[in-house]
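Overview (structure and organization)
The residues making up each chain are set out below.
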Amino acid sequence: MLKFVKALSFATLSTVCMTDIAMAAPGRTDFEILMNGRPVGRHVVTVTEAAGVTTARIAIDMSGRVGPIGFTYYHRCEEQWRGSQLISLNCTDRENRSTKTVSGSLVGTNFVINGSGFRGNAPTNILPTSWWRSSTLRQARALNTRDGRLSSLSATRVGTETLTIGGAPVQATHYRIRGPATTDLWYDATGRWVGNAFRIAGQSFVYRKLTPLAGAPRDS
Amino acid sequence: LTDPVRHAARLLFAQYGDDGAIIAVMRAAEAAAAGDLELADHWESVGQAVEDIEGGQADA
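Attention in this report is confined to the structure presented alongside it. (Residues numbered from 1 in each chain as written. Chains lettered and ligands numbered in written order. Predicted model: local features only at pLDDT ≥ 70, side-chain atom pairs only at ≥ 80, totals over all residues. Heavy atoms only, no water.)

1. With respect to the overall build of chain B
Regarding its fold elements, chain B presents three helices and zero strands. Its helices and strands taken in sequence order, chain B reads α-α-α from the N to the C terminus. Compactness check: chain B gives a C-alpha radius of gyration of 11 Å against a globular reference of 10 Å for 60 residues, within 12% of the reference. Oriented by its inertia axes, the alpha-carbon framework of chain B measures out at about 40 × 20 × 15 Å. The contacts of chain B with a sequence gap of at least 6 include a subset with a gap of at least 24, amounting to 66%. (Helix = DSSP H or I, 4+ residues; strand = E, 2+ residues; numbered from the N terminus. Rg over C-alpha atoms; globule rule 2.2 N^0.38 Å. Contact = heavy atoms within 4.5 Å.)

What follows is the structure in C-alpha cells.
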C-alpha cells in the first residue's frame, strides 16, 4: 500500500470534453474525477446521431501537480456506430510528452486497427474500452482506445444499488471489471452510465456526475 | 516484480525521488480512466516498487 504524506495540489481544470454515440440515445454526460475527494479531472461523453450513424466523442482531461512536478493527461476519442456495431474509431492520447493514437474501421469481415500498440484485425463485434455503453461489459475482449491493443475483459454484476445523483436517488446496477486492475461501473435501468470508481494503491478515484441524468446518452 | 516494473521504478525514483510513487499512481489513474486496466496495473506496481526503493534507502 502506498503511503502519501505529500500534499497534492491540483490545478483548476478547464476542460472541454465531448462524446458522441452511434445507435444509442443521444446526450451528454460530464463526470468530475475525484482523487480522495479532490478534483483531478473531467471525463465527458457526448453522443449525437445523424443519418443513422451515432457518433460518440469522449474527452478525458486530468492535470495537477505533485510538489514541483506538473502532470497533464489528455484523451480524445471519436467513435462511430451503426446500431450496436462500431464502424470506426479515432483516438489520441497524450500523457505529458508521450502521444499514442489508434484508428480503426470496419472493412469487410474485420475491424481493422492501426494503433501505437497494435496493428491488425479484430472481429467485427469488437467494442472499445469506453465505458459509456453497458454492452461493452458483455464482451470477453475489448479494443483499448489508448493504443489499439486488444484486452481481455471480465465483468461481473455486483448487484443493484442506490446512488445519489444531483441530490436524487438513482437505482443503478453495479458491475465490477476484474482485470489486472479493478474498476467499478454503474448503469441505471435505462442503460445510462452513471458512475465509475477505481482504487490505485489504496487511493480512491471516484467519478461524480455533473450533468443531469435526463440528458445523458443511453445504450438502448 | 517484473523487469519493466523495476526499470520504470528506478527511473522514476532517480528523477523524482519519493514523488515518483504518486506520479506512478496518477499514471495508473489515467490509464484506468481510459479503460486500459493492464497499464493501470503496471503503473500501480511501479508505484509500489518506488515505495520499496524509498524504504530500502531509508533503512540503509
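2. What about the sheet that holds strand S10 (residues 127-128) of chain A?
Residue and element names in this part refer to chain A. In spatial order, the strands read S10-S11-S12; together these three strands make up an open sheet with mixed pairing. Edge positions in the sheet fall to S10 and strand S12 (150-152), since each of these pairs with one other strand and no more. Note: strand S11 (residues 141-143) against S12, three bridges, orientation antiparallel. Within S12, the position partnered with Leu 143 by the bridge is Leu 150. (Pairing = 2+ DSSP bridges.)

3. Points about the packing of aromatic side chains
All names here are of chain A. Considering all chains together, one arrives at seven aromatic pairs over all chains under this definition. Ring centres of Trp 81 and Trp 132 lie 6.0 Å apart, and the angle between their planes is 85 degrees; this geometry places the pair in the edge-to-face category. Linking Trp 81 in strand S5 (residues 69-82) with Trp 132 in the loop between S10 and S11, this pair joins segments that are 51 residues apart in sequence. Measuring from centroid to centroid gives 5.3 Å for Phe 198 and Phe 205, while their planes differ by 20 degrees, and the two rings are stacked. The same class applies to Phe 198 and to Phe 205, which are both buried. (Phe/Tyr/Trp six-rings, centres within 6.5 Å; stacked < 30°, edge-to-face > 60°. Buried < 20%, exposed > 50% of the residue type's maximum accessible area, 1.4 Å probe, protein only.)

4. Regarding the layout of surface pockets
In this structure, the largest pocket spans a volume of roughly 300 Å³. Asn 96 of chain A together with Leu 12, Tyr 16, Ile 23 and Arg 27 of chain B are, among the 14 residues lining the largest pocket, the residues nearest its centre. When contributions to the lining of the largest pocket are tallied by element, the ones reaching two or more residues are S5 of chain A together with helix H1 (3-16) and helix H2 (19-33) of chain B. Sort the elements by how many residues they give to the lining of the largest pocket and H1 of chain B lands first, with five residues. Here the lining of the largest pocket is built from residues that sort into eight nonpolar, three polar and three charged. If you add up the space inside the second largest pocket, you get close to 160 Å³. (1 Å grid on protein atoms, 1.4 Å probe; cavity = no way out; pocket = protein on both sides within 12 Å on 5 of 7 lines; lining within 4 Å. Points joined across faces, edges and corners; volume = space filled by probe spheres on them. Nonpolar A, V, L, I, M, F, W, Y, C, P; charged D, E, K, R; others polar.)

5. Focus: the state of the cysteines
All names here are of chain A. Under the defined criterion, the tally for this structure stands at one disulfide over all chains. A sulfur-sulfur separation of 1.9 Å characterises the disulfide bridge that pairs Cys 77 with Cys 91. Taken as a pair, Cys 77 in strand S5 and Cys 91 in strand S6 (residues 85-95) lie far apart in primary sequence, 14 residues in all. One exposure class covers both Cys 77 and Cys 91, and it is buried. (Disulfide = S-S within 2.5 Å.)

6. Quick word on the pairing of strand S9 (residues 119-122) of chain A
Two faces make up the sheet, and in a regular strand the side chains alternate between them. All names here are of chain A. When strand S8 (residues 110-115) meets S9, the two strands line up antiparallel, connected through four bridges. Note on S9: the bridge partner recorded for Phe 111 is Ala 122. The antiparallel pairing of S8 with S9 creates a hairpin that spans three residues between the two strands.

Limitation: the analysis is restricted to geometry and does not speak to function.
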